[in-house]
Amino acid sequence: MISATELQAGPVRVMDYRCSAGPAEKPFTELHQGYSISYVRKGSFGYRVRGKAYELVAGSVLVGHPGDEFMCTHDHHVCGDECLAFHVSPRFVELVGGDRGRWRAGGLPPLPELMVLGELAQAVASGRSDAGLDEVGLWFASRFLDVVTGREPTSPKASERDRRRAVEAALWIAAHSQEAIDLDRVAGEVALSPFHFLRVFSRVLGVTPHQYLVRSRLRHAARLLAEGEQAVTEVALEVGYADLSNFVRSFHRAAGISPGGFRQTARQGSKQVRKILQDRVSGLIDDERLIHPSSRKPSPCTTTSD
């Protein structure tokens, strides 16, 4: 049901999690063993922590805080899910952010600032980029802290039926993001009026249908830029952007870097990322406080539902 593969050890421990659980599987309580952030790259699942409930879909981020009990559910999720998880030590948390309360964000909706970096990290983890996995992991963690600062965690309150419809709609949008999609079309896929659908989707997933569409396109673009040879213009057209300038602006706003710069980072690594890594970790990489004890292995779901 669950497979866990360690991709890298050290200050940033990287794990690949894959889960095939479905609605028939009975959920169980687990415990976060440390600080972690997990990028949901495929599928969907429910995340219950500290009395709050989150529905996570591709592009979402699951945040783990040591000592927190949690449960992953698959009531409306039949296709399994996959996550790329970054486990960091307490000392490393101090280096990259300071305020540990930020690591109780629970679940974050698909945010463009994190989705493009999540796709870059996945390209690196899959061996399709020459950037360093530790570099990209640090970049992802730093970006997460920037995004979550000042953001109030929310726990959507919706019926089980509405949760199922929102998740189904998100999966449909992700699969058809390169097409011309409007609110009426998506609402029709889940048999709701456009107005009711907009309210349900936003309440459950924390973003509007249009925001999720745009972010799905950016996530797809990040994957193509990291792995392929297509020109930026071709990438923009393939993911659903008719206007190149709009694509470039949207991508830069999300990633903090141009599409061309993002591709160069994916292929060669980034001086900017290397500098962040050196400034924050130089001289401390060998510090035992940064390293996870080799005898402590997190449970397969300590950062994801996988």
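Conventions we followed
- Throughout this description, residue numbers start from 1 for each chain and increase along the sequence as written.
- The predicted nature of this model means local features are confined to residues of pLDDT at least 70 and side-chain atom pairs, given and counted, to a pLDDT of 80 or more, with totals for whole chains, interfaces and linings taken over all residues.
- Excluded from the side-chain calculations are hydrogens and water; all other atoms, namely the structure's heavy atoms, are used.
- Relative accessible area decides the class of each residue, using a 1.4 Å probe on protein chains only: under 20% of the type maximum gives buried, over 50% gives exposed, and in between gives partly exposed.
- Each helix corresponds to a stretch of at least 4 residues labelled H or I by DSSP, and each strand to a stretch of at least 2 residues labelled E; elements are numbered beginning at the N terminus.
- Should DSSP find at least two bridges between two strands, the strands are taken to pair.
- Take a side-chain nitrogen of Lys or Arg and a carboxyl oxygen of Asp or Glu: if they are within 4 Å of each other, that pair is a salt bridge.
- In this description, the arc belongs to the directions extending from the helix axis to the C-beta atoms.
- Side-chain atoms within 4.5 Å link the members of a nonpolar core, which is a set of buried Ala, Val, Leu, Ile, Met, Phe, Trp, Tyr and Cys residues.
- Throughout, a contact is declared for two residues whenever any of their heavy atoms are within 4.5 Å.
- Pairing of aromatic rings covers Phe, Tyr and Trp, the last through its six-membered ring, and needs centres within 6.5 Å; plane angles under 30 degrees mean stacked, over 60 mean edge-to-face, and all others mean tilted.
- In this analysis an axis means a line fitted to C-alpha atoms, helices contributing only their contacting stretch, and an angle means the value between N-to-C directions, from 0 to 180 degrees.
- Convention used here: angles under 35 degrees read as roughly parallel, angles over 145 as roughly antiparallel, angles from 65 to 115 as roughly perpendicular, and any remaining angle as oblique.
- Handedness of a crossing follows from how the near helix is turned relative to the far one, being left-handed for an anticlockwise turn of less than a right angle and right-handed for a clockwise one.
- Each residue is assigned to one of three groups, with Ala, Val, Leu, Ile, Met, Phe, Trp, Tyr, Cys and Pro labelled nonpolar, Asp, Glu, Lys and Arg labelled charged, and all others, Gly among them, labelled polar.
- Scored from 0 to 100, pLDDT records how confident the predictor is in each individual residue.

(A) Up close: the pairing of strand 5 (residues 52-57). Along strand 5, five of the six residues are buried, which leaves the element largely enclosed by surrounding structure. Inspection of the sheet shows strand 4 (residues 35-49) paired to strand 5 by six bridges, in the antiparallel sense. The residue of strand 5 that forms the bridge with Gly46 is Glu55. Here strand 4 hands over to strand 5 after two residues, with Arg50 in that stretch at a positive phi of 50 degrees.

(B) Fine view of the pattern of salt bridges. Overall, the coordinates contain 15 salt bridges when judged by the stated rule. Residues Arg18 and Asp16 are paired through a salt bridge, measuring 2.9 Å at the closest nitrogen-oxygen approach. Connected through shared salt-bridge partners, Asp16, Arg18, Arg41, Lys42 and Glu82 make up one network.

(C) Structural context of helix 8 (residues 232-239). Along helix 8, the residues classified as buried are Val235, Ala236 and Val239. Seen from one end, helix 8 has its buried residues packed into an arc of 100 degrees, which puts them on one side. A positive phi of about 115 degrees marks Gly240, the residue just after helix 8.

(D) Structural view of the nonpolar core. Ile37, Trp103, Phe144, Phe251 and Phe262 are the most contacted members of the largest nonpolar core, which has 52 residues in total. Looking at which element gives the most residues to this core, the answer is helix 3 (residues 133-148), with ten residues. If near-sequence neighbours (up to four positions away) are discounted, Phe251 is found in contact with Val116, Leu218, Ala221, Ala222, Leu225, Gly256, Ile257, Ser258, Pro259 and Phe262. Counting 20 residues, the second-largest nonpolar core is a separate cluster that includes Ala169, Ala170, Val204 and Leu205.

(E) A look at the packing of aromatic side chains. Inspection of the entire model under this criterion finds eleven aromatic pairs. Pairing Tyr35 with Trp103 gives two aromatic rings, centres 5.8 Å apart and planes at 70 degrees, and the pair type is edge-to-face. In this pair, Tyr35 sits in strand 4 while Trp103 sits in the loop between helix 1 (90-96) and strand 9 (107-108), placing the two residues 68 residues apart along the sequence. Here the two residues Tyr35 and Trp103 agree in accessibility, since each one is buried. Taking 6.2 Å as the distance between ring centres and 55 degrees as the angle between the ring planes, the aromatic pair formed by Phe201 and Tyr212 counts as tilted. With a gap of eleven residues between them, Phe201 in helix 6 (residues 194-205) and Tyr212 in helix 7 (residues 209-227) connect regions that are remote in the sequence. By relative accessible area, which is 0% here, Phe201 ends up buried.

(F) Geometry of the pairing of strand 7 (residues 69-73). Examined bridge by bridge, strand 3 (residues 29-31) and strand 7 share three bridges and lie antiparallel to one another. By the bridge assignment, Leu31 is partnered in strand 7 with Glu69. Inspection of the sheet shows strand 4 paired to strand 7 by four bridges, in the antiparallel sense. Each bridged residue has a counterpart across the sheet, and for Arg48 the counterpart in strand 7 is Met71.

(G) Structural detail: the packing of helix 4 (residues 160-175) against helix 7. Interaxial distance between helix 4 and helix 7 falls to 9 Å at its minimum, and their mutual angle equals 40 degrees. As far as their axial angle goes, helix 7 and helix 4 are oblique. When the axes of helix 4 and helix 7 are compared, the crossing they make is right-handed. Taken together, the residues of helix 7 that come into contact with helix 4 (itself represented by Ala170, Ile173 and Ala174) are Pro209, Tyr212, Leu213, Ser216 and Arg219. Along the lines of polarity and charge, the residues of the contact of helix 4 with helix 7 split into six nonpolar, one polar and one charged.

(H) The arrangement of the confidence of the model for the protein in detail. When pLDDT is averaged across the protein, the result is 82; 82% of the residues are at 70 or more. The least confident element of the protein is helix 11 (residues 271-281), whose mean pLDDT is 49; the most confident is strand 6 (residues 61-64), at 96. This stretch, residues 276-306, has a pLDDT under 50; its non-local contacts, to residues over four places away or in other chains, come to 84 contacts.

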